[in-house]
Amino acid sequence: MRSTVFFCFLVASLTSCGLEPAEFIEIYDSEVPNTDSDTDSDSDADSDSDADSDSDSDSDSDADTDTSTTSDSDTMIDTDSSSDTGTDTDIDTDTDADTDTDTDMDTDTDTDMDTDADTDTDTDTDTDTDTEACYDVLRLFDFESGPQGFTHTATVDNMADAWEHGVSETYIFCHSEEKCWGTRLWGRYPNCTSSALVSPQIDLTPCLGANGPLVPLVVRFYHTYATRAHADGCAVQMSGDGEAWEEVIPSPDYTDLVSIGAYSECGAYAEVYDKRAWMDTLDGSWEQVTIEIPKALYTSDFRFRFLFGSDASLRALGWYIDDVEIGIK
């Protein structure tokens, strides 16, 4: 195609220059040898190397390193020598290097220490039920309806019992309303007495739990006294069986220790002898006393008593007791 165009162009040029075609032919045939060598060398070197190296090391450490390196080098050299020699060189070099390094280090250290120390200490005190039963033990003795289960007796042979229940006929009136207990309600107490005013039997076991009293209980009462100092005394004792009697500590505390006095003239000694007791006088005023019940006495046969003693010497108006109760501390 290009030779034909060139030839036409040459003919036209020669004609314009005054040459005949025959002359042109001679010139063309002598100077332009017709060598048409078309060498088409198409060298397509496609080198595709895909190196995929996948190394997966799983040691369960939750350190996940993913390194993905993709190197795609595509080099295309197109050499087109189009002269009359017609050399077309097409070199396509495709180097695809895909290196995929996947390092998955997963180090799973699962230390599961399940220490289940379940200390279930179930102390069933059943507070609601037991406390309610304990409340049934509480009571008040006001002595208006009668002795209310209290009894009295002499505690030493050949010595008198001084206790009486009713309305006081002296200037000492009962603490509440009209009736109470006293050592002679109409005058002075007798000489040589050793007598006790004893409560009824009371069951305290509903108030006792596995570790002690569910509710601490006390004996409370009002009293007033007028006695001969040092020899005639008033004391309180408690018992868990009605036979063995224990000394207790009241509040307010006792005033003194009962001494020998004139007991030798009685031929016997009152049970309060040589014990701490209230004595002397309160001048007719009433005082509330509180005594906590010892744990050992939370029995089914709990009792308490008021113990009075006098010698053979001078006498006074004695000891008065009113409004006694088993209550909560």
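Residues numbered from 1 in each chain as written. Predicted model: local features only at pLDDT ≥ 70, side-chain atom pairs only at ≥ 80, totals over all residues. Heavy atoms only, no water.

Visitor: Where do I start with the overall build of the protein in this structure?
Guide: Scanning the protein from terminus to terminus reveals 3 helices and 17 strands. Considering only contacts within the protein whose residues lie at least 6 apart along the sequence, 78% involve residues at least 24 apart. Per element, the accessible surface of the protein, about 19100 Å² overall, is 46% carbon and sulfur. (Helix = DSSP H or I, 4+ residues; strand = E, 2+ residues; numbered from the N terminus. Contact = heavy atoms within 4.5 Å. Areas by Shrake-Rupley, 256 points an atom, 1.4 Å probe, with all protein chains shown as cover.)

Visitor: Honestly, the confidence of the model for the protein in this entry has me stumped. Any pointers?
Guide: One rule of thumb: low pLDDT means the predicted coordinates there are not for detailed reading. Mean pLDDT over the protein stands at 75; residues scoring 70 or higher make up 61%. In this model, residues 114–118 is a region of pLDDT below 50 whose contacts with residues beyond four sequence positions or in other chains number 0 contacts. With pLDDT under 50 throughout, residues 120–126 is counted as low confidence; its partners more than four residues away or in other chains account for 3 contacts. (pLDDT = per-residue confidence, 0-100.)

Visitor: I would appreciate a short explanation of unusual backbone geometry in the present structure.
Guide: Residues apart from glycine generally show negative phi values, whereas peptide bonds are mostly found in trans. With an omega dihedral of 0°, the bond running from Ser 251 to Pro 252 counts as a cis peptide bond. Structurally, the position occupied by Pro 252 is in the loop between strand 12 (246–247) and strand 13 (256–257). Unusually for a residue other than glycine, Cys 192 sits at a positive phi of about 50°. Within the element layout of this structure, Cys 192 appears in the loop between strand 6 (179–183) and strand 7 (193–198). Among the residues examined, Cys 192 registers a relative accessible area of 17% and is labelled buried. (Buried < 20%, exposed > 50% of the residue type's maximum accessible area, 1.4 Å probe, protein only.)

Visitor: How should the state of the cysteines be read in this particular structure?
Guide: Among covalent bonds in proteins, the disulfide is the one between the sulfur atoms of two cysteines. Following the criterion strictly, the structure yields 3 disulfides and no others. Paired through a disulfide, Cys 192 and Cys 266 show a sulfur-sulfur distance of 1.9 Å. Handedness of the Cys 192-Cys 266 disulfide follows from its S-S torsion of about -80°: it is left-handed. One end of the pair, Cys 192, is in the loop between strand 6 and strand 7; the other, Cys 266, is in the loop between strand 13 and strand 14 (276–277), and 74 residues separate them in sequence. Take Cys 266: its relative accessible area is 14%, and that puts it in the buried class. For the protein, the bonded cysteines pair up as 1-5, 2-3, 4-6 when numbered in the order they occur along the sequence. (Disulfide = S-S within 2.5 Å.)

Visitor: How should the environment of Gly 212 be read in this particular structure?
Guide: Counting through the fold element by element, Gly 212 comes out in strand 9 (residues 212–213). Gly 212 gets classed as buried once you look at its relative accessible area, which sits at 5%. In this structure the C-alpha to C-alpha distance between Gly 212 and Lys 295, which are 83 residues apart in sequence, comes to 6.7 Å. If sequence neighbours within four positions are ignored, Gly 212 has contacts with Cys 207 and Lys 295.

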